[in-house]
Amino acid sequence: MSSTRHILTAVAWPYANGPRHIGHVSGFGVPSDVFSRFQRMSGHDVLMVSGTDEHGTPVQVLADQEGVSARELADRYNRVIAEDLVALGLSYDLFTRTTTANHYAVAQELFTGLLDNGYVFTKTTQGAISPSTGRTLPDRYVEGTCPICGYDGARGDQCDNCGNQLDPIDLIDPRSKINGETPEFVETEHFMLDLPAFADVLGEYLRSKSDTWRPNVLKFSLNLLDDMQPRAITRDLDWGVPIPLEGWSDQANKRLYVWFDAVVGYLSASIEWAKRSGDPEAWRAWWQGDGAESYYFMGKDNIVFHAEIWPAMLLGYSGAGDKGGEPGALGALNVPTDVVSSEFLTMEGRKFSSSRRVVIYVRDFLERYDADALRYYIIAAGPETQDTDFTWAEFVRRNNDELVAAWGNLVNRSISMAAKNLGEIPEAGPLTDEDRRVLDASQAAFATVGARLDRSQFKAAIQEAMRTVAEANKYISDSAPWALKKTDPERMKTVLHVALQLVSDAKTLLTPFLPHTSTKVHEMLGGTGVWTGMPRLEEVTDSIGGEDGTSTYSVITGTYAGNEARWESVPIVPGTPLSPPTPLFTKLDPKIVDEELARLEEAAG
RNA sequence: GGGCCGGUAGCUCAGUUGGUCAGAGCAGAGGACUCAUAAUCCUUGGGUCGCGGGUUCGAGCCCCGCCCGGCCUACCA
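Keep in mind it's a predicted model, so treat the numbers as computed, not measured.

(A) Just the protein's contact with RNA strand B, in detail. The full set close to RNA strand B counts 55 residues, and G23, Y257, G299, D301 and K587 are the nearest of them. Of all RNA strand B atoms lying within 4 Å of any protein atom, the proportion belonging to sugar or phosphate reaches 63%. Within the backbone of A405, a nitrogen or oxygen atom sits 2.8 Å from a sugar or linking oxygen of RNA strand B. Separating a base oxygen of RNA strand B from a backbone N or O atom of F585 is a distance of 2.8 Å. Broken down by secondary-structure element, the contributors of at least two residues to the surface near RNA strand B are helix 1 (22–41), helix 2 (57–66), helix 6 (215–224), strand 12 (292–299), strand 16 (388–390), helix 11 (392–421) and helix 13 (458–479). By residue number, the principal contributor to the surface near RNA strand B is helix 11, which donates 11 residues.

What follows is the structure, encoded as structure tokens:
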């Protein structure tokens, strides 16, 4: 913990086929930001990257339905999603998109490297094609009657009724889920990633993580090793990254499969960040060598890509699979240090579903409530290690009892008393044993909360941090400084000094979770400078892959180096002027619970 | 069908390798205080740890079976 580490925070890429809801940001967004802010406060060099995942059939299908191009649709949701993530205060060093020319080049480089090392081969398969568009119909977009149980709504990949895995060509009376037409089945050639060639090295890799990874991620991944199959990495579709090979790149209908280019995004975004920073080689410090660590944040549905496939791609590119090989042009690349997967949030007992409108979009939420209130709920009550249920009643309770009544009130009562009676931070006189005890406990919390955060145990971390808030409230109640005003004004000053020191420490401990309101407390206590950096949208002009010329689009970036916030107790400065405080958090009227539930019912029909 | 995860007080959830592990917060009841967004502080009632077997001196914690819910099973975190 003492020396500087290079920490890559790799955040799952939200899919650009619509706005994201609070379940999405519970999985990848808020936890990754808490982690990154903490590591920066601890003095480490953090690079936090992500972007929108814009290729693939779902975007194309939705664009067709709306009568716009895939690119137009992706542009729209890239902007919506980026704005929402900024509003939440997620401190990306770079949040970009998969449609940049840089991303195309890096994804193609990974493909070429894997091909050169012999981990990619071609295979001819039967694929479903839409006669009207000529596009591939992915298995899930073909439905028909199950040949095994006779269920009519079976999908091309599996039957939801009997659970058997299917091949779309076996379906009786197949039809396109998109427009109902009967698909054609044609022979088509695709590239496959030779995953079995990585079974041994992946097993070794995963077993080396048995002490640090969350058990569910580890068990799930180890289990996958028993049945490794080659996996297609190209697709018959025109919306994607072209295959960088003669005879393929000019085929308008052959592209890299979206999952392949999406996971490469972590690397391409790091490289893009380096270019923008002025040192094109700077990304290497986070990707190569023993000193580089990488932490990947996502929801549980993405474990297979991050704990299995992406490591396999990195190993293959580096020449480290069963077939050996040489590192590609970028050099050998590190596999993930940790894969931090969240479980799922449910919504008032139901599964989130955009199509059924059982959903709360981030944007709608933040129009009515504060970002820190949502961040707090997600960390304190979110799906860190098991599915949890979001309810409006619990949101209101957490906000009112824990943020307003416990933490907000501690700030308010402490600063109010000091401001009204003294107008400044008072000097401490002789300390009692109790004074020393609470101050020591507050200092000790940096180690305990920090250890939790370093291991991505966010729920335990915020509980420990909030415990210091409860301790401080108890200290003030027990010491009753208001009663000392007439009997022992010197002692009152000491008590208020101690109380304000506790507030200052708690504000620091809570900064990774509550960056907006912690900044307010920093300022209330007379602090200056930028306490903890906030992300901003920046318009950039660059070449978008596959198109001539340049385009303007927005990325998220920010300045986080040199912020005031440090992960340590900083002595408050006696004599600093204090003004009567304004409330940190908004107390919510319990009747919003019924209002929100009514809104949900109305939307869901 | 297969794999994985979960089912602990009214509610939301903690419970490392089996032996004060039957817990926390909230809600409920009683009391203290008044600095503070009537916030805070103290005390307190409450649970067959999904069901049925088994291993053990001893099991929420290990094994077997079953019920319920979630995720993955090749493009929804």
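(B) Region of interest: the sheet that holds strand 6 (residues 154–155). The strand order across the open sheet formed by 3 strands is 6-5-7, and the pairing between neighbours is antiparallel. Each having just a single partner strand, strand 6 and strand 7 (172–176) make up the two edges of the open sheet. Looking at chain direction, strand 5 (residues 142–145) and strand 7 are connected through 3 bridges and run antiparallel. The residue bridging T145 from the neighbouring strand is I172, located in strand 7.

(C) Summary view of the packing of aromatic side chains. Taken as a whole, this structure holds 30 aromatic pairs when the rule is applied. Their ring planes at 80 degrees and their centres at 6.4 Å tell us that F111 and F260 sit as a pair that is edge-to-face. You can see F111 sitting in helix 4 (residues 101–116) and its partner F260 sitting in helix 7 (residues 258–277), a full 149 residues away along the chain. By the burial criterion, F111 is buried, and F260 matches it. Where W259 meets F305, the ring centres are 6.0 Å apart and the plane angle is 40 degrees; that geometry is what we call tilted. In this pair, W259 is assigned in helix 7 and F305 in helix 8 (residues 303–317), connecting sequence segments 46 residues apart. Three or more aromatic residues link up through ring pairs in this structure, and these residues are F111, F191, W248, Y257, W259, F260 and F305. It is R40 that lies over the ring of Y560; its NZ or CZ is 4.2 Å from the centre.

(D) How the structure looks around the pairing of strand 12. Among the 8 residues in strand 12, 8 count as buried, and that is most of the element. By the alternation rule, side chains of strand 12 split into A292, S294, Y296 and M298 and E293, Y295, F297 and G299, which are all buried. Pairing geometry for strand 1 (residues 6–11) and strand 12, over 6 bridges, is parallel. In the strand pairing of strand 12, H6 is matched with A292.

(E) Looking closely at unusual backbone geometry. The phi torsion at D173 lies on the positive side, around 55 degrees, for a residue other than glycine. Position of D173 relative to the elements: it lies in strand 7. Positive phi is not limited to glycine here, since A480 has a value of about 45 degrees. Overall, the relative accessible area of 16% leaves A480 in the buried class.

(F) Fine view of helix 15 (residues 489–510). With 22 residues, helix 15 should cover 32 Å at 1.5 Å per step; its first-to-last C-alpha distance of 31 Å lies within 8% of that length. Of all 22 residues in helix 15, 19 are buried; the element is thus mostly enclosed.

(G) Examining the sheet that holds strand 9 (residues 231–232) more closely. Overall, antiparallel pairing links the 3 strands, which are arranged 4-8-9 in an open sheet. Only two strands of the sheet have a single partner each, and these edge strands are strand 4 (120–129) and strand 9. Bridge analysis of strand 4 against strand 8 (residues 184–193) gives 10 bridges, and the strand direction is antiparallel. Across the sheet, residue T122 finds its bridge partner in strand 8, namely F191.

(H) Geometry of the UniProt feature "short sequence motif: 'HIGH' region" (unreviewed entry) in chain A. Summarizing the sequence annotation, UniProt attributes the feature "short sequence motif: 'HIGH' region" (unreviewed entry) to residues 14–24 in the numbering used throughout. As a span, residues 14–24 carries 27% helix and 0% strand, and end to end its C-alpha atoms are 8 Å apart.

(I) Region of interest: the domain arrangement of chain A. Looking at chain A, the domain boundaries give domain 1 (6–137 + 183–342) and domain 2 (404–524 + 575–605). A straight line from the C-alpha centre of domain 1 to that of domain 2 covers 41 Å. In this assembly, 16 residues from domain 1 lie in contact with 12 residues from domain 2. Between domain 1 and domain 2, a total of about 1100 Å² is buried, with carbon and sulfur atoms accounting for 65% of that surface. It is V34, F38 and M41 that lose the most area in domain 1 upon contact with domain 2, and together they represent 44% of the buried surface on that side. Our count for the domain 1 to domain 2 interface comes out at 0 salt bridges. Between the two partners, domain 1 and domain 2, sit 2 residue pairs in polar contact (both at pLDDT 80 or more). The element best represented in the side of domain 1 that touches domain 2 is helix 1, accounting for 8 residues. Of the residues belonging to the side of domain 1 that touches domain 2, the class tally is 9 nonpolar, 3 polar and 4 charged.

(J) The arrangement of the nonpolar core in detail. Counting residues in hydrophobic clusters, the biggest one holds 177 residues, and the most contacted among them are W287 and W407. At 12 residues, helix 11 tops the list of elements feeding residues into this core. In terms of domain composition, this core takes at least three residues from each of domain 1 (6–137 + 183–342) and domain 2 (404–524 + 575–605). Judged by nonpolar contacts, the second largest core, of 6 residues, contains L137, V142, C146 and L171.

(K) Region of interest: the confidence of the model for chain A. Overall, the predicted model of chain A reaches an average pLDDT of 89, with 96% of residues at or above 70. Two summary scores accompany this predicted model of the complex, namely pTM at 0.94 and ipTM at 0.87.

(L) Quick peek at the packing of helix 5 (residues 199–207) against helix 8. Where helix 5 contacts helix 8, the two axes come as close as 10 Å, and the packing angle between them is 115 degrees. As helix 5 packs across helix 8, the resulting crossing turns out to be right-handed. For the pair formed by helix 5 and helix 8, the contact residues are V201, L202, Y205 and L206 on the first element and A307, E308, P311, A312 and L315 on the second. Its residues placed into classes, the contact of helix 5 with helix 8 shows 8 nonpolar, no polar and 1 charged.

About the cut-offs
- Residues numbered from 1 in each chain as written.
- Chains lettered and ligands numbered in written order.
- Predicted model: local features only at pLDDT ≥ 70, side-chain atom pairs only at ≥ 80, totals over all residues.
- Heavy atoms only, no water.
- Near = heavy atom within 4 Å.
- Polar contact = N/O pair within 3.5 Å; in protein donor to acceptor, adjacent residues only side chain to side chain.
- Helix = DSSP H or I, 4+ residues; strand = E, 2+ residues; numbered from the N terminus.
- Pairing = 2+ DSSP bridges.
- Phe/Tyr/Trp six-rings, centres within 6.5 Å; stacked < 30°, edge-to-face > 60°.
- Buried < 20%, exposed > 50% of the residue type's maximum accessible area, 1.4 Å probe, protein only.
- Lys NZ or Arg CZ within 6 Å of the ring centre and 35° of its normal.
- Expected span 1.5 Å × (residues − 1).
- UniProt positions renumbered as here; feature names shortened; annotations may be inferred.
- Domains from an automatic or database assignment.
- Contact = heavy atoms within 4.5 Å.
- Buried area = accessible area lost by both parts, 1.4 Å probe.
- Salt bridge = Lys/Arg side-chain N within 4 Å of Asp/Glu carboxyl O.
- Nonpolar A, V, L, I, M, F, W, Y, C, P; charged D, E, K, R; others polar.
- Core = buried A, V, L, I, M, F, W, Y, C linked by side-chain atoms within 4.5 Å.
- pLDDT = per-residue confidence, 0-100.
- Axes fitted to C-alpha atoms, helices over the stretch in contact; angles between N-to-C directions.
- Left-handed = near helix turned anticlockwise from the far one by under 90°.

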